[in-house]
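An overview of the molecular structure
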Amino acid sequence: WSVKIRDAERSMGSIDWRNPSAMLGCAAAIPAVSFGVRHTFGLFLHPISASNGWGREVFALAIAVQNLVWGLSQLFIGMLADRIGAGKVVLGGAAIYALGVALMALPQNALVFILSTGILIGLGLGGTTSTVVFGALGRAYSPEARSVAFGIAMAIGSFGQFLFLPATPPLMDWLGWPSALIALSILCATIVPLSFGLFETSSTLQSSPGLPWRQAVEQAFAHRGFWLLSAGFFVCGFQLVLIGTHLPAYLIDRGLSVGVGTAVLALIG
């Protein structure tokens, strides 16, 4: 009996729940939450600016800083994920993201708001969006299946924008906008348990050695496809963030309800 028990324990210990299918599920859910929450920020431009007695330029500058920090941090966050694993980076990014969203709800001066909403959430987005997630998927799937896995994760991630936007105005009406932001920060914290699905073994990381960062950057800058891809993301990000940030308040200025802006942004998602 002791031999049978030992064999059963050994067999159970060999079952790894961190299989590619489980990783794909978590990798799809994480961007859905991360992108979904970020896409709601434009709904808070009007109430936050009015509550703090600001013009809209303070909120707009904070979102601009957020996107610059998100973009510029990708090189270092990606390198860190390659070294220690995507799961740990996503876990830390989720904690920073949740803290940044919660701080948006507090009365504060313009500088503190720009630092919290801009820098903290920018770093949180860097640790919970496509760069880190796709790195883990790329190591988990063969080249033949990789594109399909990326497509599934990105499609579900974009669906989060469609899902969360219509739910946010009723939440603001019910709880008030500060408590609605706290609720969204709690939603960001749900990425923490999802990050466990992206925890990679040391053997996986060692079996996919990367180039030295300087060599990797030189190769990327010399590759035409890199510049075309970067230009595409620049155009996408610039117009999407501009519309997502200012459209709801603009439509309210034109006499339309916040629901119209919500529907438009949801359809974009």
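Relevant structure appears above.
Everything numeric in this text was worked out from a predicted model, so none of it was measured. (Residues numbered from 1 in each chain as written. Predicted model: local features only at pLDDT ≥ 70, side-chain atom pairs only at ≥ 80, totals over all residues. Heavy atoms only, no water.)

**Section: the overall build of the protein chain**
Note the cut-off: Helix numbering and strand numbering both begin at the N terminus, where a helix is a DSSP run of H or I of at least 4 residues and a strand a DSSP run of E of at least 2. The contact definition used throughout considers only heavy atoms, calling two residues in contact when any of these lie within 4.5 Å. Residue burial considers only the protein chains on display, and all accessible areas are found by Shrake-Rupley using a 1.4 Å probe.
If you tally the helices and strands in the protein chain, you get 14 helices and 0 strands. Traced from its N-terminal end to its C-terminal end, the protein chain shows the element sequence α-α-α-α-α-α-α-α-α-α-α-α-α-α. Taking as baseline every contact in the protein chain between residues at least 6 positions apart, the subset at least 24 positions apart corresponds to 83%. With an accessible surface of roughly 14000 Å², the protein chain has 71% of that area assigned to carbon and sulfur atoms.

**Describing empty space enclosed by the protein**
Rule in force here: Computed over the protein atoms alone on a 1 Å grid, cavities are sets of points where a 1.4 Å probe fits but cannot get out and pockets are open sets with protein on both sides within 12 Å along at least five of seven lines; a residue lines them when it has an atom within 4 Å of a point. Grid points are joined across faces, edges and corners, and a volume is the space filled by probe spheres set on the points. Polar here means any residue outside two lists: the nonpolar Ala, Val, Leu, Ile, Met, Phe, Trp, Tyr, Cys and Pro, and the charged Asp, Glu, Lys and Arg; Gly therefore counts as polar.
Evaluation of the coordinates by the stated rule reveals 1 cavity of 30 Å³ or more. Each pocket or cavity is described by its volume, and for the largest cavity that value is around 100 Å³. For the largest cavity, the full set of lining residues is R38, H39, F41, G42, I63, Q66, N67, L240, V241, G244 and T245. Among the secondary structure elements, those contributing two or more residues to the lining of the largest cavity are helix 4 (56-84) and helix 13 (224-253). Partitioned by chemical class, the residues of the lining of the largest cavity number 4 nonpolar, 6 polar and 1 charged.

**A look at the packing of helix 4 against helix 13**
Any two packed helices are characterised by the angle at which their axes cross and by the distance between the axes. The condition is simple: In this analysis an axis means a line fitted to C-alpha atoms, helices contributing only their contacting stretch, and an angle means the value between N-to-C directions, from 0 to 180 degrees. Angular relationships are summarised with four words: roughly parallel below 35 degrees, roughly antiparallel beyond 145, roughly perpendicular across 65 to 115, and oblique for the angles in between. Handedness of a crossing is defined here by the sense of rotation of the near helix relative to the far one, left-handed for an anticlockwise turn of less than a right angle and right-handed for a clockwise turn.
Closest axis-to-axis distance for the helix 4/helix 13 pair is 10 Å, and the angle between their directions is 160°. Between helix 4 and helix 13, the angle falls in the class roughly antiparallel. Considering the relative orientation of helix 4 and helix 13, their crossing is right-handed. Contacts between helix 4 and helix 13 involve R56, F59, A60, I63 and N67 from the former and V241, T245, H246, A249, Y250 and D253 from the latter.

**A word on the nonpolar core**
Inclusion rule: What is meant by a nonpolar core is a set of buried Ala, Val, Leu, Ile, Met, Phe, Trp, Tyr and Cys residues, joined one to another through side-chain atoms within 4.5 Å. In this scheme, a residue with accessible area under 20% of its type's maximum is buried, one over 50% is exposed, and one in between is partly exposed, where area comes from a 1.4 Å probe on protein chains only.
Residues F41, F44, I48, F59, V101, L181 and L198 are the most contacted members of the largest nonpolar core, which totals 58 residues. Excluding residues within four positions of it along the chain, I48 makes contact with W54, F59, M104, F113, W177 and L181.

**A look at the side chain of Q66**
Topologically, Q66 is positioned in helix 4. Setting aside anything within four residues of it in sequence, one finds Q66 in contact with R38, F41, T117, G118, I121, G122 and L125.

**Let's talk about the packing of helix 4 against helix 5 (residues 86-104)**
Put simply, helix 4 and helix 5 touch, their axes get as near as 10 Å, and they point 165° apart. When the axis of helix 4 is compared with that of helix 5, the two are roughly antiparallel. By crossing handedness, the relation of helix 4 to helix 5 is classed as right-handed. On helix 5, the residues that touch F59, I77, L80, A81 and I84 of helix 4 are A86, K88, V89 and M104. Counted by class, the contact of helix 4 with helix 5 contains 8 nonpolar, no polar and 1 charged residues.

**Comments concerning the pattern of salt bridges**
How we decide: Take a side-chain nitrogen of Lys or Arg and a carboxyl oxygen of Asp or Glu: if they are within 4 Å of each other, that pair is a salt bridge.
Applying the stated criterion to the full structure yields 2 salt bridges. The partner of D82 in a salt bridge is R139, and the shortest N-O contact between them spans 2.8 Å. In this pair, D82 sits in helix 4 while R139 sits in helix 7 (residues 130-140), placing the two residues 57 residues apart along the sequence. Judged by its relative accessible area of 45%, D82 falls in the partly exposed class.

**Things to note about a nonpolar patch on the surface**
Going by this rule: Here a patch means residues that are over 30% exposed by relative accessible area and free of salt bridges, tied together within 9 Å if like-charged and within 5 Å if nonpolar (Val, Leu, Ile, Met, Phe, Trp, Tyr).
Residues F234, V235, F238, L242, I243, L256, V260, V264 and I268 make up a contiguous nonpolar surface patch of roughly 790 Å² in combined accessible area. At the level of elements, helix 13 and helix 14 (258-268) are the ones that each hand at least two residues to the nonpolar patch. With respect to the helices and strands, L242 occurs in helix 13.

Interpretation note: all reported values are geometric properties and have no functional meaning in isolation.
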